[in-house]
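Results of the structural survey
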Amino acid sequence: MAESARDPRTGSHLVAAALRQEMDRDGSVVVFGEDVAGLGGVFGATRGLARRFGDRRVFDTPVSETAFLGMAVGAAQAGLRPVVELMFADFLGVCFDQILNQMAKNTYMSGGRVRVPLVLRSAVGCIGSAAQHSQVLSATFAHIPGLKVAYPASAGDLQGMLVAAIRDDNPVVFLEHKWLLKTRLSELPFNDATPADAQIVGRPLGRLRRLRDGADVTIVAAGYLVQLALLAAAGLEGKGISAGVVDLRSLVPLDRDGLVREALGAPCLLVVDDDYQQYGMTGEVLATIAEELRHEAPAMGRHAVRVPIPAAAVLEAEVVPSVPSIAQAARDLVEGRAGA
Amino acid sequence: MNADDLLEVFEVMLRARLFEEEVGRAVVSGEIHGEMHLGIGHEAVGAALGRHLRPGDAVVSTHRAHLHALAAGVDPVELAAELLERDGLNHGKGGHMHLFDPVARFMCTGIVGAGVPIAAGYALVQSLQAAGALTVAVMGDGTMNQGAVFETMNLAAVRALPMVFVCEDNGYSISVRREDSTAGELHRRGAAFGIPGFACDGTDVDRIDAAMGEAFEITRKKSRPSLVVASVYRFRGHYEGDLDLYRPAGEKEAALARDPVRRLRQRLLDGGTPLARLAEAESRASDAVTRWFASARRRPVPRRETAADHVFVGADG
């Protein structure tokens with residue numbers, strides 16, 4: 001704890017360190033995208049890489065997401081392991097065909113003859129930038145067969161799951177919450193980062209983990225909201241509610257067995273998400289549990305985003321799940337005001 | 001090209017023609033149930049590609065891709081089996097618009113324009129290897145109006161990627177005539193990016209061969225993009241079953257003079273190639289295609305239980 005209190009790094013330093021390690025280890029890993037070389041990424045997540053690895057392996061592209069993402073698909077098929085940065089996940093709209101019809105499907109359509117070992121890193125979540133620069137869109141990616149979708153919640157996962165994603169032979173969408181990228185590790189509610197000089201070990205996708213035990217309600221989340229759920233659970237303790245927190249870690253693969261295990265031990269289960277609720281992750285998780293457990297399923301609720309993200313801070317706070325709103329949703333569920 | 005070269009090109013084009021005609025019959029018989037786009041009329045482009053591609057080169061093509069697959073060296077039996085919805089090149093997962101052969105470095109995609117940036121990825125790898133290999137991105141004149149093409153021209157020029165943009169300009173974007181959809185001259189579209197462009201009659205084997213030779217040489221030697229626009233005539237509808245009612249009366253008949261196979265045959269005869277040699281070439285081409293399809297039809301259909309395979313490779317597959 002004393003160690004992490006002094007840690008001056010932010011999440012973006014951790015991403016850069018993981019990239020550097022993998023680029024040192026494997027000459028086929030290349031990094032390109034908008035502002036990743038000279039600037040080191042708008043959030044600093046590729047800092048130092050261009051200087052260390054040179055223009056052949058780290059370079060800036062024009063503001064042409066379709067061109068550089070398509071180039072990444074082709075380069076991956078031809079033997080490289082590109083890690084490309086889509087500056088904001090919101091920008092998927094301008095290059096969606098490459099994601100939907102090429103990156104995701106070429107392995108399947110080739111009958112397994114073509115591999116697309118490509119990581120699409122993208123910054124997600126609210127930092128006051130309204131409806132076109134605040135979205136998470138994890139379910140939009142996760143809806144498409146053929147894409148793995150990682151949404152790390154912690155500093156350690158930001159590094160470890162990125163290492164695993166780079167080594168994966170499949171396309172992986174790697175969602176990095178802006179708050180995690182920008183926040184000093186010493187300020188995180190939960191910091192499990194690898195020390196600066198230590199080897200970063202890969203952490204597999206598709207295995208959820210319980211970060212806090214709770215007897216009354218289990219809160220399931222991914223990404224940033226895991227950190228908020230931990231804070232909400234700590235607050236609920238003082239009000240006589242024992243809340244556990246489960247971190248999904250990746251939406252695809254989804255840890256179905258893990259979910260069933262967690263649901264069996266929980267009287268109530270609340271799923272929270274900073275992506276849109278309609279047809280999204282919250283519904284997928286609840287449906288999975290309902291399918292597997294039927295009458296043994298716990299009381300279930302969900303709490304996610306239902307409208308576009310507004311600009312003004314007071315409205316943004318109203319729309320996106322927060323520590324108090326997660327706590328309230330958990331209380332409502334436990335006290336029988338279900339539906340949350 | 002000398003007389004022997006021309007005769008060889010004739011045989012390559014005739015094989016491609018007969019290949020497409022057999023595929024067309026398989027659509028009519030119901031053996032192929034999906035959408036089908038044939039390249040009848042485009043054969044000289046495929047033949048020229050075949051003459052200029054070298055080992056290590058890659059080709060990324062479109063929904064009208066069989067000719068380019070054959071030119072790139074894709075096994076014709078594997079190809080035919082895949083088109084016939086059997087356990088072929090891609091185990092029945094891709095079909096006619098989504099063919100992938102990592103050994104021949106060939107792929108195609110059914111989304112207009114989407115293959116062009118992917119071709120840049122193959123060219124990126126080739127530029128890092130610096131062994132003189134290049135990638136061909138094939139497109140139609142309709143594709144030239146996709147933003148992906150402009151984006152990729154710019155990126156390829158900025159990164160000095162060894163890629164040749166090859167446009168088969170058949171005058172129609174599905175049903176819309178060229179003059180109603182497309183401004184300016186296509187071969188000049190590279191100029192703003194510093195990409196040299198070559199326009200040619202893509203039904204004249206010498207002209208398409210020369211244009212492609214020049215473009216390939218620039219791209220291979222200088223590692224920079226180039227553009228070839230080959231004007232051709234699409235003798236079939238956009239897809240098999242297209243009633244083709246949007247063509248003016250008599251257009252197709254008039255275009256017969258631009259049928260590259262007929263045209264070269266006549267030229268060979270006029271140039272003194274004995275009819276017997278021509279007949280031998282015709283019979284070899286016909287036998288080859290008959291043999292390919294007979295082999296392809298002996299392939300089993302894919303097993304039902306494989307439908308969920310290959311969404312991912314490895315443990316999650």
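Residues numbered from 1 in each chain as written. Chains lettered and ligands numbered in written order. Predicted model: local features only at pLDDT ≥ 70, side-chain atom pairs only at ≥ 80, totals over all residues.

Moving on: the domain arrangement of chain A. Residues and elements named next belong to chain A. Domains assigned within chain A are domain 1 (2-187) and domain 2 (209-334). Taking the mean C-alpha position of each, domain 1 and domain 2 sit 26 Å from one another. At the interface, 25 residues of domain 1 touch 24 residues of domain 2. For the side of domain 1 that touches domain 2, the elements supplying multiple residues, two or more each, are α7 (138-142), β5 (148-150), α8 (155-167), β6 (172-177) and α9 (178-182). (Domains from an automatic or database assignment. Contact = placed C-beta atoms within 7 Å. Helix = DSSP H or I, 4+ residues; strand = E, 2+ residues; numbered from the N terminus.)

Within the largest apolar cluster, 220 residues are counted, with the highest numbers of intra-cluster contacts made by A:I219, A:A229, A:A330 and B:V228. Sort the elements by how many residues they give to this core and helix α1 (residues 3-28) of chain B lands first, with ten residues. Inspection of this core shows a minimum of three residues originating in each of domain 1 (2-187) and domain 2 (209-334) of chain A. Non-local contacts of A:I219, meaning those with residues more than four positions away in its chain, are made with A:A229, A:A233, A:A243, A:G244, A:V245, A:L270, A:V272, A:I326 and A:A330. (Core = buried A, V, L, I, M, F, W, Y, C linked by C-beta atoms within 7 Å. Buried ≥ 20, exposed ≤ 12 C-beta atoms within 10 Å, placed from the backbone.)

Residue and element names in this part refer to chain A. Strand order in the open sheet formed by seven strands is β2-β1-β3-β4-β6-β5-β10, and the pairing between neighbours is mixed. Strands with a single pairing partner mark the edges of an open sheet, and in this sheet they are β2 (58-60) and β10 (250-252). Within the sheet, the average angular offset between the axes of one strand and its neighbour, ignoring direction, is 20°. Both strand β1 (residues 29-33) and strand β3 (residues 81-88) contribute to a ladder of five bridges, which runs parallel. Paired with V29 across the two strands is R81, which belongs to β3. On the sheet, helix α2 (residues 11-25) packs against β1, β3 and β6 and is oriented at approximately 135° with respect to β1. Against the sheet, α8 touches β1, β3, β4 (119-124), β5 and β6, its axis set at about 160° to β6. (Pairing = 2+ DSSP bridges. Axes fitted to C-alpha atoms, helices over the stretch in contact; angles between N-to-C directions.)

Turning to the sheet that holds strand β1 (residues 58-61) of chain B, a few remarks are in order. Residue and element names in this part refer to chain B. Here seven strands make up an open sheet; going across it, the order is β2-β3-β1-β4-β5-β9-β8 and the pairing mixed. With partners counted over all chains shown, the strands left at the sheet margins are β2 (100-101) and β8 (197-201), one partner each. The pairing of β8 with strand β9 (residues 226-231) spans five bridges and is parallel. Pairing of F198 across the sheet is with V228, part of β9.

Taken together, the contact pairs 34 residues of chain B with 36 residues of chain A. When residues of the side of chain B that touches chain A are traced back to their parent elements, those giving at least two are α5 (115-129) and α6 (147-158) of chain B. Among the elements that make up the side of chain B that touches chain A, the one with the highest residue count is α5(B) (nine residues).

Further remarks concern the pairing of strand β9 (residues 243-247) of chain A. Residue and element names in this part refer to chain A. A large share of β9 lies buried, amounting to five of its five residues. Burial of the side chains of β9 extends over both faces: A243, V245 and D247 are buried on one face and G244 and V246 on the other. Between the parallel pair strand β8 (residues 217-221) and β9, the chain is carried across by helix α10 (residues 224-237), and the sense of this crossover is right-handed. (Right-handed = clockwise from strand over helix to strand, strands pointing away.)

This part is about the pairing of β1(A). All names here are of chain A. Burial runs high along β1: five of the five residues are buried. Residues V29, V31 and G33 line one face of β1 and the alternating positions V30 and F32 line the opposite face, and both faces are buried. As judged from the three bridges shared by β1 and β2, these two strands associate in the parallel manner. Bridge assignment links G33 to a residue of β2, and that residue is D60.

On to the environment of A:P321, then. Residues and elements named next belong to chain A. Relative to the helices and strands, P321 resides in the loop between α13 (313-319) and α14 (323-334). C-beta crowding within 10 Å serves as the criterion here: with 21 such atoms nearby, P321 is assigned to the buried category. If we skip the residues at most four places from it in the chain, P321 touches L225, L228, V272, D274, H303, A304 and I326.

This part is about helix α8 (residues 205-222) of chain B. All names here are of chain B. The end-to-end C-alpha separation of α8 is 25 Å, in line with the 26 Å expected for 18 residues at 1.5 Å each. Residues of α8 that are buried: V205, I208, D209, A211, M212, A215, F216 and T219. Relative to the axis of α8, the buried residues are bounded by an arc of 165° and lie together on one face. Those residues of α8 that are exposed and angled more than 90 degrees off the buried face are E217, K221 and K222. For α8, the elements touching its buried residues are α1, α2 (43-52), β5 (163-169), β8, β9 and α10 (260-270). S223 sits one or two positions beyond α8 and adopts a positive phi of about 45°. (Expected span 1.5 Å × (residues − 1). Arc of directions from axis to C-beta.)

Right, let's talk about the confidence of the model for chain B for a bit. In the predicted model, chain B carries a mean pLDDT of 97, and 100% of its residues have values of at least 70. Taken together, the chains of this predicted complex give a pTM of 0.96 and an interface ipTM of 0.95. (pLDDT = per-residue confidence, 0-100.)

What follows is about the environment of A:E22. Residue and element names in this part refer to chain A. You can see E22 is positioned in helix α2. Sequence spacing of E22 and I200 is 178 residues, and the spatial spacing of their C-alpha atoms is 9.3 Å. For E22, the contacting residues outside a window of four places in its chain are V29, V163 and I166.

So, on to unusual backbone geometry. Look at the link from A:V252 to A:P253: it is a cis peptide, with omega at -5°. Along the chain, A:P253 falls in the loop between β10 and α11 (256-264). Phi at B:E85 takes a positive value of approximately 65°, unusual for a residue other than glycine. Note on placement: B:E85 falls in the loop between α4 (76-83) and β2. When the 18 C-beta atoms within 10 Å are taken as the criterion, B:E85 is described as partly exposed. Its identity as a non-glycine residue notwithstanding, B:A160 has a phi of 50°, on the positive side. Locating B:A160 in the fold gives a position in the loop between α6 and β5.

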